[in-house]
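Given next are the chains, with one letter for each unit.
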Amino acid sequence: MPKTEETVLQNDLSEVESGAPEPKTPGQSPKSRSFCLDDQSPEGRPDAFSVTELIETVNEVSRLSIAHEIIVNEDFYVEETILPPNSVEGTFAETMRNAFWTHLKEQLLSTPPDFTCALRLLKEIKEILLSLLLPRQSRLRNEIEAALDTDLLKQEAEHGALDVPRLSNYILNLMALLCAPVRDEAVQKLETITDPVRLLRGIFRVLGLMKMGMANYTIKSFRPYQQEHSIQHEQAKFQELLDKRPSLLSYTTKWLTKAATDITMLCPSSPYSPGSSCTACSLPNRAAYDSEPPSPTTVLYQGYLNLLCWDPENEEFPETLLMDRIRLQEMAFQLHQLTILDSVLLVARSFSGGVLFSSPEFVDRLKCITKALTEEFISRPEEAMLSVSEQVSQEIHQGLKDVGLTALSSENTASLLGQLQDIAKKVNCIRSVVDQRIRLFLKFCLLHGMKESLLHFPRGLILIERELAELGWMFVSLMHHNQQVFSPYYAGILKSIIPPAQAQETDVEPI
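What this report covers is the structure whose coordinates are included nearby. Counting restarts for each chain, with residues numbered from 1 along the sequence as it is written. Where local features are concerned, this predicted model is filtered to residues with pLDDT of at least 70; where side-chain atom pairs are given and counted, the filter is 80 or more; whole-chain, interface and lining totals use all residues. Excluding hydrogens and water, the side-chain figures rest on all heavy atoms present in the structure.

### Thoughts on the packing of helix 10 (residues 250-264) against helix 20 (residues 465-497)
The N-to-C vectors of helix 10 and helix 20 enclose an angle of 50 degrees; their axes lie 10 Å apart at closest approach. Taken together, the axis directions place helix 10 and helix 20 in an arrangement best described as oblique. Viewed along their axes, helix 10 and helix 20 form a crossing whose handedness is right-handed. Between helix 10, through Thr252, Thr253, Trp255, Leu256, Thr257 and Ala260, and helix 20, the contact on the second element is made entirely by Tyr490, Ile493, Leu494 and Ile497. Classifying every residue of the contact of helix 10 with helix 20 gives 7 nonpolar, 3 polar and no charged. Here an angle of 0 to 180 degrees is reported between the N-to-C directions of two axes, which are lines fitted to C-alpha atoms, with helices fitted over the stretch in contact. Note on conventions: DSSP H or I runs of at least 4 residues are helices, E runs of at least 2 residues are strands, and numbering of each starts at the N terminus. For classification purposes, angles smaller than 35 degrees are called roughly parallel, those larger than 145 roughly antiparallel, those between 65 and 115 roughly perpendicular, and all remaining angles oblique. Here a crossing is called left-handed whenever its near helix is offset anticlockwise from the far helix by less than a right angle, and right-handed whenever the offset is clockwise. We call two residues contacting when some pair of their heavy atoms lies within 4.5 Å. Side-chain classes are defined by residue name, with Ala, Val, Leu, Ile, Met, Phe, Trp, Tyr, Cys and Pro counting as nonpolar, Asp, Glu, Lys and Arg as charged, and the others, Gly among them, as polar.

In structure tokens form, the structure reads like this:
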């Protein structure tokens, strides 16, 4: 398929956040969360963008993405970027830094001294110091402006009277006053450095950490205010993008159209629709999950659930959820892991009885073993389940022995190993039922809220209740925010999709 301007635009905008501060959570590797705009105009031709418009759009999307990340990710914080030392980028950056400080040293040691680099450095240090001040610190702000006045320092440099050591000591005293207690030791170490270039280099490094700390403090302090106004802010910013790109919601429309088809037709391919496989239809309390008549809200929730089995190779992601694409992919991966985990536990329990599984320690040990051995399940399912079957069989054998029960017979052991290894098959009955139950539980969470859903936890998922509840809270919270922001757009699209006779409500209601 030939590349169009639209494809180029998508590639450009997919890199919007590559340099943005990445949210960090324990055990999570950094990933860019891209917001790209790849859609066709109603006339079938890509919308033309000038370079200026493209840059403005990239900046707007970047600001919107960072604001969104702060709201939905409570663990968001700015972290120092550390490049791998042996990488090309790391080597280049270190070479350039060393070249600057070497050049500064040569300038200060020349006769007469050259203060060109020193002035540039002092100006940047001054800007960082001013950024660390609170609005009420006006007196200190005036003092810094006077002591590090750019014009005055330039005049002193022209007359060879710029006293770099004195200015460095003054800056150190300010840093000791402004820094958080966690930086006290670093500032004290700087006070022992006598070489002016090494001292300036150390000052600049510690100031960078202080600036980052102030940014994180500001994010934490203003989060309640941001949460209060985030809905209106994201709506306004998205509307600005929509005004420039009227065809921006094309993939969102396709996504909701598919969801409406899944929920209103007997679609065997849909794992949540009324016409899904007989296994799903026979689930207990099925009517409790699918009792809602087709409506804009239930269609939207169907769309949200479809995101957890999205095929990135063949389907374009809805524009209204692009900022959460990576997050949703991670949730889909967690759902897959929980499906395998619960399948293993159910098989193990059927062979070991209630005695072993009445012990939380035994269950937790099996969970740890299964999670560790199934990390590569997607790429190597048979090998992963072979390892799981052998290890789980040994744990059951030892567990029965420890409580004085008869060990499994060779026939039962062989059956246990075979059933565990069969979980690697996509058509495995146990795995299919567990997958259906998990998805139906998440649907119930969307329809009725987390508290009520936890009171009616599905049978067969009790062994992963803690893990599934955590996934449910994250999923519902994220979709709740998305629905609040984009409900006006969803309502307009759904009115054109759902026939008036089928719609049971006029608007998309919040969760």
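### Re the packing of aromatic side chains
Here the aromatic set is Phe, Tyr and Trp, taking the six-membered ring for Trp, and pairing holds for ring centres within 6.5 Å; pairs whose planes are under 30 degrees apart are stacked, those over 60 apart are edge-to-face, and all others are tilted. This model, assessed by the stated rule, comprises 11 aromatic pairs. Look at phenylalanine 486 and tyrosine 489: their rings are 6.2 Å apart centre to centre, the planes differ by 50 degrees, and that puts the pair in the tilted class. Placement of both phenylalanine 486 and tyrosine 489 in helix 20 is noted, with a separation of 3 residues, approximately one turn of the helix. As far as burial versus exposure is concerned, phenylalanine 486 and tyrosine 489 are alike and both buried. Three or more aromatic residues joined by ring pairs form one cluster here, namely Phe238, Trp255, Tyr301, Tyr304, Phe486, Tyr489 and Tyr490. Classification of residues uses two cut-offs on accessible area relative to the type maximum, computed with a 1.4 Å probe and protein chains only: under 20% is buried, over 50% is exposed, and between them is partly exposed.

### A short note on the pattern of salt bridges
By definition, a salt bridge exists where a carboxyl oxygen of Asp or Glu is found within 4 Å of a side-chain nitrogen of Lys or Arg. Per the stated rule, a full pass over the model turns up 13 salt bridges. Between glutamate 145 and lysine 126 there is a salt bridge, and its shortest N-O distance comes to 3.0 Å. In this pair, glutamate 145 is assigned in helix 5 (residues 138-147) and lysine 126 in helix 4 (residues 116-131), connecting sequence segments 19 residues apart. For glutamate 145, a relative accessible area of 34% gives the class partly exposed. Between glutamate 395 and arginine 365 there is a salt bridge, with the nearest N and O atoms lying 2.9 Å from each other.

### Focus: the environment of valine 403
Mapped onto the elements, valine 403 comes out in the loop between helix 16 (381-402) and helix 17 (410-422). We classify valine 403 as partly exposed; its relative accessible area is 43%. The spacing of valine 403 and leucine 356 is 47 residues in sequence and 8.3 Å in space, taken between C-alpha atoms. Leave out the neighbours within four places in its chain, and valine 403 touches Val355 and Leu356.

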